[in-house]
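Observations on the three-dimensional arrangement
Here's the letter readout for the chains.
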Amino acid sequence: MKQHIVNEPSKSNRSYVVQQMIQFNGLHFPKELRDNYQEVHLMVKDEDGQLYGGLIGEIFCNWMQVEFLFVDEKLRGQHYGSQLLEEAEKLAKAKGCDFIKLDTLSFQALDFYLKNGFVVYGKLENAGGHTHYYLKKDI
């Protein structure tokens, strides 16, 4: 049977690729780190369960990757973003992580991340007319 490539977004397709990649990657890391994988979903909610933002990421081996961090405009400036990063750092430390990494665009939150102890380790110019920054924080 001949294989072909299709653009077919689905949760099951994504899950298959992610799980296979995690399994493959695990073969190339020290045994004690292979099973150190955890999804991270830290949410900002009120007493009624209304969602106002959150941090989505994952822990793998000895680092945490922050994929998304968002705080509703109504709550910005009230330190919820910093609190989300603090909670993520606590979780990362508890799981034996050595660093947290993330990326941001020039119109997003570079100064915010720098104020929270992250340092730029790389950047790409002309990412949609903006600069794409890659940041890391040792913990």
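Description of the structure in this document.

Procedures and definitions
Residues numbered from 1 in each chain as written. Predicted model: local features only at pLDDT ≥ 70, side-chain atom pairs only at ≥ 80, totals over all residues. Heavy atoms only, no water. Helix = DSSP H or I, 4+ residues; strand = E, 2+ residues; numbered from the N terminus. Expected span 1.5 Å × (residues − 1). Buried < 20%, exposed > 50% of the residue type's maximum accessible area, 1.4 Å probe, protein only. Arc of directions from axis to C-beta. Contact = heavy atoms within 4.5 Å. Pairing = 2+ DSSP bridges. Axes fitted to C-alpha atoms, helices over the stretch in contact; angles between N-to-C directions.

1. Side note on helix α3 (residues 80–94)
Counted at 1.5 Å a residue, the expected span for α3 with its 15 residues is 21 Å, and the 21 Å between its end C-alpha atoms agrees. Within the sequence span of α3, burial applies to G81, S82, L84, L85, A88, E89 and A92. All buried residues of α3 fall inside an arc of 155° around its axis, so they share one side. Residues K90 and A94 are exposed on α3 and point more than 90 degrees away from its buried face. On its buried side, α3 packs onto β1 (37–45), β2 (51–60), β3 (63–71), β4 (99–105), α4 (110–115) and β6 (130–138). Of the residues flanking the end of α3, it is G96, one or two places downstream, whose phi is positive at about 80°.

2. A word on the sheet that holds β3
Remark on secondary structure: sheet strands pair via backbone hydrogen bonds, oriented parallel or antiparallel. Spatial ordering of the open sheet is given by β1-β2-β3-β4-β6-β5, a layout of 6 strands whose pairing is mixed. Where the open sheet ends on each side, the last strands, each with one partner, are β1 and β5 (119–127). Taken pair by pair, the neighbouring strands of this sheet meet at an average axis angle of 20°, ignoring direction. Where β4 lies against β6, 7 bridges are found, and the strand directions are antiparallel. Within the sheet, the bridge partner assigned to D103 lies in β6 and is Y134. Its contacts with the sheet place α3 against β1, β2, β3, β4 and β6, and it is angled at close to 160° to β3.

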